[in-house]
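# Working through the structure, step by step
Next come the chains, spelled out residue by residue.
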Protein chains: 2
Amino acid sequence: MQNIVIKTNPIDNVAIVANPTGLKRGAIVLDGVVFEEDIPMGHKVALKSLNEGDEVIRYGQIIGYANRLIEKGSWVNESNISMPQPPNLENISYVQPTVPQVEPLKNFTFQGFKNADGSVGTKNVLGITTSVQCVAGITNFIENKIRKELLPLYPNVDDVVAFNHSYGCGIAIDAPAAIIPIRTIKHIAKNPNFGGEIMIIGLGCEKLRPERLLPDDDGLRLRSASDTATERSRSILYLQDEQFEGFYEMVDGIMEMAEKHLQKLNQRKRETCSVVDLVVGMQCGGSDAFSGLTGNPVAGFAADLIVKGGGTVFFSEVTEVRDAIHLLVPRCESAEVAQKLKDEMAWYDNYLNQGQADRSANTTPGNKGGGLSNIVEKALGSVVKSGTSPIVDVVSPGEKVRKKGLNFVATPASDFACGTLQLAAGMNMHVFITGRGTPYGLNMVPVIKVSSNSKLANRWHDLIDFDAGPVAFGQKTIEEMGWELFRLILEIASGNKKVATDKLGLYNDLVLFNPGPLT
Amino acid sequence: MQNIVIKTNPIDNVAIVANPTGLKRGAIVLDGVVFEEDIPMGHKVALKSLNEGDEVIRYGQIIGYANRLIEKGSWVNESNISMPQPPNLENISYVQPTVPQVEPLKNFTFQGFKNADGSVGTKNVLGITTSVQCVAGITNFIENKIRKELLPLYPNVDDVVAFNHSYGCGIAIDAPAAIIPIRTIKHIAKNPNFGGEIMIIGLGCEKLRPERLLPDDDGLRLRSASDTATERSRSILYLQDEQFEGFYEMVDGIMEMAEKHLQKLNQRKRETCSVVDLVVGMQCGGSDAFSGLTGNPVAGFAADLIVKGGGTVFFSEVTEVRDAIHLLVPRCESAEVAQKLKDEMAWYDNYLNQGQADRSANTTPGNKGGGLSNIVEKALGSVVKSGTSPIVDVVSPGEKVRKKGLNFVATPASDFACGTLQLAAGMNMHVFITGRGTPYGLNMVPVIKVSSNSKLANRWHDLIDFDAGPVAFGQKTIEEMGWELFRLILEIASGNKKVATDKLGLYNDLVLFNPGPLT
Ligand SMILES: [Ca+2]
Ligand SMILES: [Ca+2]
Ligand SMILES: [Ca+2]
Ligand SMILES: [Ca+2]
Ligand SMILES: [Ca+2]
């Protein structure tokens, strides 16, 4: 195999080693750069000598400053570069961009479940949500019982999913930050894959009232002993309801309620839907230096195709956007959207500051091992998955998206907090890019796991859905692979193929983002 | 049934309605108090007329001030009493108490699993801990597989328990508050019920290194491709380990590791242990006005018996202790312990204040519905479960207890955060007192659920383990029921009887207390 290093922008003074076994001292690359030392795959080599204080440039951007002399051909990593300050939010001015005329993408469809509210499901799932952790033992019991005893009777229903979480009681429900977890739980119940047939299991004495979790104005009412049989088929059940004498009566009550919802869900049928109906959440986790070269650009190309087709895409992860904010503000559709984007950055700066941390706390040992020297380099590679479309809206944590097109959905970068908030935002497909490898899976929405390098994709043959590695060696172009990923999204959304975690039944817990205190 | 109201202290000017159906307007109680209005069970009646600004006294303590004229015989609740300021921590002085000579309790034993470190297990459990949520799908898969395929081969092992949590990555691991979740995870792995045979499943690129979770100095080493067969039986496994080609090789690797640990656990046998070996965590949740009259005093009596027997008891729940701190400081064994207790209160005051909340955020709609007007009244009833023994030590969140006797283990009152921190502190038995009813259960340690009223115990016949209700009507004394509870603790600790949640397999998630930010 030849010696390959990747330089993404003509002004870059570092390049990434692409060879899976790294490159050895003495290796020669590009226009005669000779390796001064062994450098592992994914790590950076200096393409010219850098003096102390010189800018280190990747993606055409300053990712740091040499903290000592770095000879041409040497390994550039977190030990010899110091990190720049984050872009000052006040100094980023906004100019309305001239949005280029884009040819709309037509004639691509998928088979989805159309809902009354206009949203479209990609799976047909009986959702059980909860107002408080107290009920989790019982909802787990019920989930198993429904899967075994009821699902076989309702063949059009794909699965039953209980949403247990740590919120609902023992929390400061009137603290300003409480709005985030509360609306997150409420909006998850509205995820398109549940088809509006959500059940809510509450305890009875908790602070978070189950009624607050109901979709607005949908006429659902509290179940009580005096309800008629019809009313008893409605959507809220309290374990403390005095009509239940012991555990098994609670179980019977829930099973009876579940059947009513399963009957309705079983009538759902897949119909032809257009790209307009896709709501795709993009996220990365366990990233390496290839993520910004292969997986994220391929995801970004697919994101642009979806937006061209009239669909919705979101990207998230505030701490991985913060250092690229000067590249994103100019892409906002209006000054108002630009301001909202900056406001979300400022909110998070303050949140981290209160906990005596900053965005530098984002990078992991795995990122560094994979060649990402700091959060600046990570962020520049991370935002690439947003593609090039204008940003039409910014959505605060736990809110639902309001507009089609490319949205920034503000979330922590933490994979499970981000995925949970993206579910609340209304995603019906999830694309997750990883370089180091994670078995990440969600039970509500299919997760397509994209590998940034073929080494991982080959080793984790049954855990990775899509290998973007060939881009690194020029075997395929970003455009080719972007189209492949786009077509895979349609296939999975149609239920024609299953993602790895759905085949294996590997699902993570959802994690609520609660910036407020416990009591 | 006669009209019963309960007054706990001679100076109280309110009493609690004990009749399950409440008492009606016109009812006559005590020395001729005539009810002015209907008052539900658990709620307070004024025993004399109170002018605006008058002290409302229960448990001999001020629980608030009348905010308007309250006529003798009227309903006293959160609408007509205003809350006092919390006791000022600076003003509570400490005087070394004369500890009364207590007759030690002898000749009570239970059958437990003795561990090398001197701790004693009450169950024999294969524990699987994790460094990060990323691995949760796989640990859930493994837990089921071990339960089905391996446990039948190791009959002395009671169960396998995977500890999934939301920490480990996407968190500010160097923030000052990070010490709490990290030491919590580490100390849970040392819980006596795991017998030191814990397995750790990590991903590989996460911030929280699995090595940090190992018990200190036990010689365990990282598993890697170059390990010998013996070393491969050790306790850490990374999913990203390059030796694993795909999911099923990871599964095989974990199963192989599990067998080594099961072989050792299977050799554990119950032996006669004394009360000295009990470590009992006391907690309440879903409390009502009876909690402080029946369940908590009975638990407190049992706590005193355990301490007299040389064992360890802890109580927790800072926000439910804060307003009774002036009663607890004088019980501290030394000035140093008293200062630590006040420091934990101050830390929590500040934590809540940062989130723009205070201790008044603790009470729930269920508490109020059950007759608890505010956090002061709730706290005065809550601390009763600590009994009357001297407080020998104060343990910060996530720390392990260091001393036998009565400890204050600082935790949120939030049931799952508290239970998780009590597991980390080393509890081998859990007593949980409830009035409104909660199916609370933990899979690591038996939870004895005590009902504060017989109405709940009768209705939830298969979810409640012990009914303290008879105390309310004088059918049994606190002393009698305290002894009954103490004997039940020994029975359950011996494995002779199972608690309700163990019979039904109802278990809640553990919830880590993480006061630090996500990234
Ligand atoms: Ca990311
Ligand atoms: Ca992420
Ligand atoms: Ca779970
Ligand atoms: Ca409590
Ligand atoms: Ca509690």
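Predicted model only: the values in this text are computed from it and were never measured.

Residues and elements named next belong to chain A. As summarised here, the arrangement of the seven strands in space is S19-S20-S18-S17-S21-S22-S23, forming an open sheet in which the pairing is parallel. Edge positions in the sheet fall to strand S19 (391–395) and strand S23 (466–467), since each of these pairs with one other strand and no more. Sheet strands touched by helix H6 (residues 335–354): S19 and strand S20 (405–409). Its angle to S19, the strand with the most contacts, is close to 40°.

Residues and elements named next belong to chain B. Protein coordination at the calcium ion (ligand 5) comes from Gln283 (OE1), Cys284 (O), Glu317 (OE), Ala413 (O) and Asp415 (OD), with a distance range of 2.2 to 2.6 Å. If you list the donors of the calcium ion (ligand 5) from N- to C-terminus, the spacing comes out as Q-C-x32-E-x95-A-x1-D. Here the calcium ion (ligand 5) and the calcium ion (ligand 4) are spaced 3.4 Å apart, with cysteine 284 acting as a shared donor. Placement of glutamine 283 in strand S17 (residues 279–284) and of glutamate 317 in the loop between strand S18 (312–315) and helix H5 (325–328) is noted, with a sequence separation of 34 residues between them. According to the relative accessible area criterion, glutamine 283 is buried, its value standing at 0%. You can call glutamate 317 buried: its relative accessible area is 0%.

A word on the sheet that holds strand S2 (residues 14–17) of chain B. All names here are of chain B. Spatially, the four strands line up as an open sheet ordered S1-S2-S5-S8, and their pairing is antiparallel. Each edge of the open sheet carries a strand with a single partner, namely strand S1 (5–6) and strand S8 (75–76). Bridge count between S1 and S2: two bridges; the pairing is antiparallel. When the sheet's bridge partners are listed, isoleucine 6 is paired in S2 with isoleucine 16.

One copy of the chain maps onto the other through a rotation about an axis followed by a shift along the same axis. Rotating chain B by 180° about the axis while translating it 0.0 Å along that axis superimposes it on chain A, leaving an RMSD of 0.0 Å. What we have between these two chains is a two-fold relation. Among all C-alpha atoms of chain B, that of glutamine 354 of chain B lies closest to the rotation axis, at 4.1 Å. A shared interface surface links the copies, since 100% of the contact residues of chain B are contact residues in chain A too.

On to helix H11 (residues 478–493) of chain A. In an α-helix, one turn spans 3.6 residues, which is why side chains three or four residues apart end up on the same side. All names here are of chain A. Its 16 residues give H11 an end-to-end C-alpha distance of 22 Å, which sits within 8% of 22 Å, the value for a rise of 1.5 Å per residue. Within H11 the residues assigned to the buried category are Met481, Gly482, Leu485, Phe486, Leu488, Ile489, Leu490, Ile492 and Ala493. One or two positions beyond H11, positive phi appears at glycine 495, with a value near 80°.

With that out of the way, let us pick up the coordination of the calcium ion (ligand 1). Residues and elements named next belong to chain A. Around the calcium ion (ligand 1), the protein supplies Cys284 (O), Cys284 (SG), Glu317 (OE), Glu320 (OE) and Glu320 (OE) as donor atoms, at distances of 2.2 to 2.7 Å. Each donor residue of the calcium ion (ligand 1) belongs to the same chain, with the gaps between them written as C-x32-E-x2-E. Here the calcium ion (ligand 1) and the calcium ion (ligand 2) are spaced 3.3 Å apart, linked through cysteine 284, which binds each one. Both residues of the pair, glutamate 317 and glutamate 320, count as buried.

In this section: the interface of chain B and chain A. Listed per partner, the contact involves 73 residues of chain B and 74 residues of chain A. Of all residues in chain B, Arg459, Leu518 and Thr519 of chain B give up the largest surface area on contact with chain A, accounting jointly for 12% of the area buried on that side. Along the contact surface separating chain B from chain A lie zero salt bridges. Counting the contacts that link chain B with chain A gives 33 residue pairs in polar contact (both at pLDDT 80 or more). Secondary structure elements with two or more residues in the side of chain B that touches chain A: helix H1 (136–150), helix H3 (247–265), helix H6 (335–354), helix H7 (365–369), helix H9 (415–425) and helix H10 (454–459) of chain B. At five residues, H1 of chain B tops the list of elements feeding residues into the side of chain B that touches chain A.

Turning to the pattern of salt bridges, a few remarks are in order. Note that side chains of opposite charge can pair when their charged atoms are close. Residue and element names in this part refer to chain A. For the structure shown, the criterion picks out 32 salt bridges over all chains. Between aspartate 393 and lysine 340 there is a salt bridge, with its nearest N and O atoms 2.8 Å apart. Of this pair, aspartate 393 sits in strand S19 while lysine 340 sits in helix H6, and the two are 53 residues apart along the sequence. Take aspartate 393: its relative accessible area is 3%, and that puts it in the buried class. You can call lysine 340 partly exposed: its relative accessible area is 27%. Where lysine 476 meets glutamate 484, a salt bridge forms, and the shortest distance between an N and an O atom there is 2.9 Å.

The subject of this paragraph is the domain arrangement of chain A. When cut into domains, chain A gives domain 1 (1–82), domain 2 (114–265) and domain 3 (272–504). With centres defined by C-alpha atoms, the gap from domain 1 of chain A to domain 2 of chain A works out at 54 Å.

Reading the values: rules and limits
- Residues numbered from 1 in each chain as written.
- Chains lettered and ligands numbered in written order.
- Predicted model: local features only at pLDDT ≥ 70, side-chain atom pairs only at ≥ 80, totals over all residues.
- Heavy atoms only, no water.
- Pairing = 2+ DSSP bridges.
- Helix = DSSP H or I, 4+ residues; strand = E, 2+ residues; numbered from the N terminus.
- Contact = heavy atoms within 4.5 Å.
- Axes fitted to C-alpha atoms, helices over the stretch in contact; angles between N-to-C directions.
- Donors = N, O, S within 2.8 Å, 3.2 Å for Na, K, Ca; no water.
- Buried < 20%, exposed > 50% of the residue type's maximum accessible area, 1.4 Å probe, protein only.
- Least-squares fit on C-alpha atoms with pLDDT ≥ 70 in both.
- Expected span 1.5 Å × (residues − 1).
- Buried area = accessible area lost by both parts, 1.4 Å probe.
- Salt bridge = Lys/Arg side-chain N within 4 Å of Asp/Glu carboxyl O.
- Polar contact = N/O pair within 3.5 Å; in protein donor to acceptor, adjacent residues only side chain to side chain.
- Domains from an automatic or database assignment.

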